[in-house]
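# Examination of the molecular architecture
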Amino acid sequence: MPARRRPRRFWHAGPALLAGGVLILIFLAAILAPAVAPHDPYDQDIVGRNLLPPGFLKAARPSYVLGTDALGRDLLSRIMFGARVSLLVGTVAVAVSGTLGVTLGLVSGYYGGRPDRLLMRLAEVQLSFPFIQLAISVIAVQGAGLRNIILVLGVTGWVTYARIVRGTVLTVKTLDFVTAAKALGAPDRRIIVRHILPNVLGSVAVIATFSFAQMILAEAGLSFLGLGVQPPSPTWGGFLAEGRLYLAYAWWLTAFPGLAFMLTVL
């Protein structure tokens, strides 16, 4: 499809516009959370306002739109600040894993031989380990925290990029324009960067789109297990872990963080 027609197709695609609008709102809420959040996400009042129902319900306080948690903290403010953690983890982890995977995939596919066999065997070894088990092992040694979560997700996510990029490179490097560049004496680095890399970026963009959602879910899963960002820092996975104890009479503690998850990932 010609490049000039792609923006036009996007603007006429209703689902794409809806998805883009939702993501923009979520990113803006996360970025502007310190300025627009209605309350301090760490401000507690256990006696006066713990487990208040959402403000749009009868007999609730209107100032707490989505209610409060067991410590009296405003849920809307905590969800907005929790989005900062989830989006940061997703963005940085995808950048780390994508850069590492694309680089190794280009090297493996272009040069072949021993580097190719070594990298692919390494990828197969990593795929043989369940992600949660690997993450628990690393965090048990390094300790829980935002930096370590990003490190674990970034390092363990390179395999998909590398395998897809390698397969694409194996096809692209046999095409005529690459053969012509080699015949003209172009160095390997120039061939890889100028001729092969642009032809794999489409596949990389698709992988990154799905990986971003997977990274957010993975961070939430680790936080749910107590292996992610530690309290009192607000995280969506932490909200679900806390809210499961109050499902019978404080449904909003899990419903609204879960809705934020669904909209972001979907």
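What counts as what
- Residues numbered from 1 in each chain as written.
- Predicted model: local features only at pLDDT ≥ 70, side-chain atom pairs only at ≥ 80, totals over all residues.
- Heavy atoms only, no water.
- Helix = DSSP H or I, 4+ residues; strand = E, 2+ residues; numbered from the N terminus.
- Buried < 20%, exposed > 50% of the residue type's maximum accessible area, 1.4 Å probe, protein only.
- Contact = heavy atoms within 4.5 Å.
- Areas by Shrake-Rupley, 256 points an atom, 1.4 Å probe, with all protein chains shown as cover.
- Lys, Arg positive; Asp, Glu negative; His and termini not counted.
- Charge placed at Lys NZ, Arg CZ, Asp CG, Glu CD.
- Patch = residues over 30% accessible without salt bridge, like charges linked within 9 Å, V, L, I, M, F, W, Y side chains within 5 Å.
- Salt bridge = Lys/Arg side-chain N within 4 Å of Asp/Glu carboxyl O.
- Axes fitted to C-alpha atoms, helices over the stretch in contact; angles between N-to-C directions.
- Parallel < 35°, antiparallel > 145°, perpendicular 65-115°, else oblique.
- Left-handed = near helix turned anticlockwise from the far one by under 90°.
- Nonpolar A, V, L, I, M, F, W, Y, C, P; charged D, E, K, R; others polar.

Bringing the overall build of the protein chain into the picture now. In terms of regular secondary structure, the protein chain is built from 12 helices and 0 strands. Along the protein chain, helices (α) and strands (β) appear in the sequence α-α-α-α-α-α-α-α-α-α-α-α when read from the amino end. With the C-alpha coordinates aligned to their principal axes, the bounding extent of the protein chain is approximately 80 × 50 × 30 Å. In the protein chain, buried positions account for 39% of the 266 residues. In the protein chain, once contacts between residues fewer than 6 apart in sequence are set aside, the share between residues at least 24 apart is 70%. Here the protein chain has roughly 14500 Å² of accessible surface; of this, 67% comes from carbon and sulfur atoms. Across the protein chain, the centroid of the 23 positively charged side chains sits 13 Å from that of the 11 negatively charged ones.

Moving on to unusual backbone geometry. Not every positive phi belongs to a glycine, and Leu-51 is a case in point at roughly 55°. Its place among the elements puts Leu-51 in the loop between helix 3 (33–36) and helix 4 (75–111).

Nonpolar side chains collect at one region of the surface, where Leu-23, Ile-24, Phe-27, Leu-28, Ile-31, Leu-32 and Val-36 lie side by side and expose about 600 Å² of accessible area between them. When residues of the nonpolar patch are assigned to their parent elements, the largest contribution, 5 residues, is made by helix 2 (residues 14–31). Examined against the element boundaries, Phe-27 turns out to sit in helix 2. Under the relative-accessibility criterion, Phe-27 is labelled partly exposed at 31%.

The next thing to look at is the pattern of salt bridges. Scanning the entire structure with this criterion turns up 4 salt bridges. Linking Arg-78 and Asp-69 is a salt bridge whose minimum nitrogen-to-oxygen distance equals 3.8 Å. The same class applies to Arg-78 as to Asp-69, namely buried. In this structure, the salt-bridge partner of Arg-121 is Glu-124, at a minimum N-O distance of 2.9 Å. Remark: Glu-124 and Arg-121 occur in helix 5 (residues 113–127); sequence separation between them is 3 residues, near one turn of the helix. Each of the salt bridges in this network shares a partner with another, and the network as a whole consists of Asp-69, Arg-73 and Arg-78.

The next subject is the packing of helix 4 against helix 7 (residues 146–156). At a minimum axis separation of 8 Å, helix 4 and helix 7 run at an interaxial angle of 40°. Considered as vectors, helix 4 and helix 7 are oriented oblique to each other. Both helix 4 and helix 7 take part in a crossing whose hand is right-handed. Residues Val-85, Leu-88, Val-89, Val-92, Ala-93, Val-96 and Ser-97 of helix 4 form the contact with helix 7, whose participating residues are Leu-146, Ile-149, Ile-150, Leu-153 and Gly-154. Along the lines of polarity and charge, the residues of the contact of helix 4 with helix 7 split into 10 nonpolar, 2 polar and no charged.

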